[in-house]
Amino acid sequence: MLWTVKIAPRVAALGLLLVPTPARAADVTGEVTLPRQEAKDPDEARAPRGFTRRRENQTNAISPYDPRPECFVFLDGPADDEATRPTAAVLGLSRTRFAPPVFPVVAGSSVDIQNTSKKTHAVFVRGRDGLWGGDAIGAGRKRSGKAGGAYEVLELGASGAPHLTGRIVPLPTRYFATLGKNGEFAITDVPEGNFTLRIWYRDGWLATTRRVDVGSRATKTSVVLPVLLKTEPPKNK
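So, a few notes on the structure that sits alongside this text. (Residues numbered from 1 in each chain as written. Predicted model: local features only at pLDDT ≥ 70, side-chain atom pairs only at ≥ 80, totals over all residues. Heavy atoms only, no water.)

1. Observations regarding the layout of surface pockets
Its volume calculated, the largest pocket comes out at about 300 Å³. In terms of residue class, the lining of the largest pocket is made up of nine nonpolar, one polar and two charged. (1 Å grid on protein atoms, 1.4 Å probe; cavity = no way out; pocket = protein on both sides within 12 Å on 5 of 7 lines; lining within 4 Å. Points joined across faces, edges and corners; volume = space filled by probe spheres on them. Nonpolar A, V, L, I, M, F, W, Y, C, P; charged D, E, K, R; others polar.)

If you want it as structure tokens, here you go:
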């Protein structure tokens, strides 16, 4: 004998309502641009009477400073457990610099410093004896360590190489990105919600921010760096 079970339409509809729907996510892309240079007074280009016109140095042109390699962007806002989960990250170390010099990671993540140069570097963390072992990192080798809590910035250096400086910046979520050559960035799989786009430069936040409303479609935004790069310390300091 076959038994049949009839489910009332209202009960079936209730069951559908109880099924959780996955949160929608979208990518946030954009660009951080440099401020416009001030226009020159056209009178400065005119040669005063009785004098020859000033000639620019034709051999060593001075390139304007670009702070973007020392910046990253961060979306401050709602997050789920997945976004706060520590990950494994690799920070490059060449003969001349840490790459990138300012390295954002999720708080509590493991970080390998990979020496890509042909020279041995004795890397240390200022004020944190013993972190990363304090031993030299041979050519082509790596040393492992762990980032601390959010905004517990680690300042890196190398014995005998004062030009080698860097920072590891732990953040509360993974919604961050370093900048490309032209200031472009992309943060993937950001959940719907209202966020504040913040810019970190060297040792703190710039005052410039941008509101970003993330929906079900990709969001694009742009920010212009301020002329005066004055930073504020992390919020938990």
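Let's pick the thread back up.
2. Examining the nonpolar core
Among the nonpolar cores identified, the biggest contains 22 residues, and Val73, Leu75, Phe185, Ile187, Val190 and Ile199 are the most heavily contacted of them. Listed by contribution, the elements that provide at least two residues to this core are strand S1 (25-33), strand S2 (71-76), strand S13 (184-191), strand S14 (193-201) and strand S15 (204-214). Among the elements that take part in this core, S14 stands out by supplying four residues, more than any other. With sequence-adjacent residues up to four places away left out, Phe185 is seen in contact with Val28, Thr29, Gly30, Glu31, Val32, Val73, Ala177, Thr178, Leu179, Leu197 and Thr221. Counting residues in each nonpolar core, the second largest holds 18 residues, with Ala89, Ile113, Ile137 and Leu154 among its members. (Core = buried A, V, L, I, M, F, W, Y, C linked by side-chain atoms within 4.5 Å. Buried < 20%, exposed > 50% of the residue type's maximum accessible area, 1.4 Å probe, protein only. Helix = DSSP H or I, 4+ residues; strand = E, 2+ residues; numbered from the N terminus. Contact = heavy atoms within 4.5 Å.)

3. Re unusual backbone geometry
Geometrically, the link from Ala99 to Pro100 is a cis peptide bond, its omega value of 0° lying close to zero. By the element assignment, Pro100 lies in the loop between strand S4 (98-99) and strand S5 (102-106). Positive phi values are uncommon outside glycine, yet Tyr151 reaches one of about 70°. Considering the arrangement of structural elements, one finds Tyr151 in the loop between strand S9 (142-146) and strand S10 (154-158). Non-glycine residue Arg202 carries a positive phi angle of around 55°. Mapping Arg202 onto the fold places it in the loop between S14 and S15. Overall, Arg202 belongs to the partly exposed group, its relative accessible area being 34%.

4. Concerning the pairing of strand S7 (residues 121-125)
Burial along S7 is one-sided: His121, Val123 and Val125 are buried, while Ala122 and Phe124, pointing the other way, are not. Note that S7 and strand S8 (residues 136-137) share two bridges and pair antiparallel. Paired with His121 across the strands is Ile137, a residue of S8. Both S7 and S10 contribute to a ladder of three bridges, which runs antiparallel. (Pairing = 2+ DSSP bridges.)

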